[in-house]
Amino acid sequence: DYFLSIARTGSFTAAAEELFVSQSSLSKQIIALERELGVQLFDRRTRKVTLTEAGRAFHTHAVKMDQAHVSMIADLEGYRPGAEPLSIAAIPVIDHYGIPNYIAAFREEYPAIRLTLEKCDAAEISPALSDHRIDLAFTRAHCLDRDRHAWMKVSPDRLIIVVSVNHRLASRPVISLQDLRDETFVVLERYTAVDQIMEIVCRGAGFEPRTAHATLRNENIVAAVAANMGIGLMMERIFDYNRHPGVVALELVPVIETWLVLAHAKDRVLSGPARAFLEFIDGLLAGHSEGGR
């Protein structure tokens, strides 16, 4: 800190004031450092102190050491007694993607980290990340802002159409968005990430989707579709989790893919527990990928 402060301010006096130490004490520390290294770090012959050639070489390493020190403090912060817990938010359907198993494995590996998990709608997650109210989040990539958020891809998924076995489209394995122009969609009572996608793709196809609200649960959407109350636009993984004998799934063309991701705010220095969680999940995903080859 002493060396970098002098290099930044160009003055022993300014650096001493910045560091709240006496100028003589600061000078003694720098002289001791130069003796230890066997080189002169500063040219003191002019009013503005400048780095010597050796000082410039040392400056490169000093900056790296300072950054490593800051990173180390951040890593250890979450392990201190009374430190804030690792807070993770997730969209309600993470069970369909096996995320609770990942979290359970992490807790077993890192029992000292106090992890809290809160399920909430995707619309709430983006601002919570940006305002630093949560550390990490499992959500859909299309609900995030690339300028403010960074993320790791966790699980791919795609949109499908679900219709009653008695519906006029039930015998067609492939459906285009234009085929759905006159249909009524069954959706959840709350506005979700899937609703956002549905509105975007339908408007892109030139029409506004007509909706009939069901309940708060995806299985009720499937049941409503089976009862011919309308059709459903769902993620394939969600449908697989809530299959119903009275409903069939139809492939949507062109394919509309989305990703479940693990996200964080770009402008926040991640704590040690948050970094540990990201690295742990990355390792699990890499292991699953290799196991599937």
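Everything discussed here concerns the structure shown above.
Below: a short report on this structure. Predicted model, so just to flag it, every value in this text is computed and none were measured.

**What to know about the packing of helix α1 (residues 2-9) against helix α2 (residues 12-19)**
Helix-helix packing is described using two parameters, namely the angle between the two axes and the distance between the axes. Where α1 meets α2, the closest approach of the two axes is 8 Å, and the angle between their N-to-C directions is 125°. Taken as axis vectors, α1 and α2 run oblique relative to one another. Between α1 and α2 lies a crossing whose hand is right-handed. Between α1 and α2, the residues in contact are Y2, S5, I6, R8 and T9 and F12, A14, A15, E18 and L19, respectively.

**Re the packing of aromatic side chains**
In the structure shown here, the tally under the stated rule is eight aromatic pairs. Aromatic side chains F12 and F42 sit 5.9 Å apart centroid to centroid with 70° between the ring planes, which places their arrangement in the edge-to-face category. Of this pair, F12 sits in helix α2 while F42 sits in strand β1 (residues 42-43), placing them 30 residues apart in sequence. Each of the two residues, F12 as well as F42, counts as buried. Relative to F277, the ring of F138 has its centre 6.1 Å away and its plane inclined at 75°; by these criteria the two rings are edge-to-face. Residue F138 is found in strand β5 (residues 136-140), and its partner F277 is found in helix α10 (residues 272-291); the two are separated by 139 residues along the sequence. As far as burial versus exposure is concerned, F138 and F277 are alike and both buried. The structure contains a cluster of three or more aromatic residues connected by ring pairs, namely F106, Y110, F138, F277 and F280.

**Comments concerning the side chain of N218**
By secondary structure assignment, the location of N218 is in helix α8 (residues 218-226). Every residue in contact with N218, bar those within four places of it in the chain, is listed here: V93, L188, M234, I238 and N242.

**Observations regarding unusual backbone geometry**
That bond from V253 to P254 is cis: its omega, -5°, falls within 30 degrees of zero. In this fold, P254 is placed in the loop between β11 (247-253) and β12 (257-265). Of note, the phi angle at N228 is positive, near 65°, even though the residue is not glycine. When you line up the elements, N228 lands in the loop between α8 and β10 (232-235).

**Focus: α1**
Within α1, the full set of buried residues consists of F3, L4, S5 and I6. The positive-phi residue at the C-terminal boundary of α1 is G10, with phi of around 70°.

**What about empty space enclosed by the protein?**
Summed over the entire model, instances satisfying the criterion amount to one cavity of 30 Å³ or more. Estimates place the volume of the largest cavity at around 270 Å³. Along the walls of the largest cavity sit 21 residues, with L188, T192, A193, V194 and N218 positioned nearest its centre. Secondary structure elements with two or more residues in the lining of the largest cavity: β8 (184-187), α7 (193-204), α8 and β10. Among the elements that make up the lining of the largest cavity, the one with the highest residue count is α7 (four residues).

Each value, and the rule that gives it
Residues numbered from 1 in each chain as written. Predicted model: local features only at pLDDT ≥ 70, side-chain atom pairs only at ≥ 80, totals over all residues. Heavy atoms only, no water. Axes fitted to C-alpha atoms, helices over the stretch in contact; angles between N-to-C directions. Helix = DSSP H or I, 4+ residues; strand = E, 2+ residues; numbered from the N terminus. Parallel < 35°, antiparallel > 145°, perpendicular 65-115°, else oblique. Left-handed = near helix turned anticlockwise from the far one by under 90°. Contact = heavy atoms within 4.5 Å. Phe/Tyr/Trp six-rings, centres within 6.5 Å; stacked < 30°, edge-to-face > 60°. Buried < 20%, exposed > 50% of the residue type's maximum accessible area, 1.4 Å probe, protein only. 1 Å grid on protein atoms, 1.4 Å probe; cavity = no way out; pocket = protein on both sides within 12 Å on 5 of 7 lines; lining within 4 Å. Points joined across faces, edges and corners; volume = space filled by probe spheres on them.

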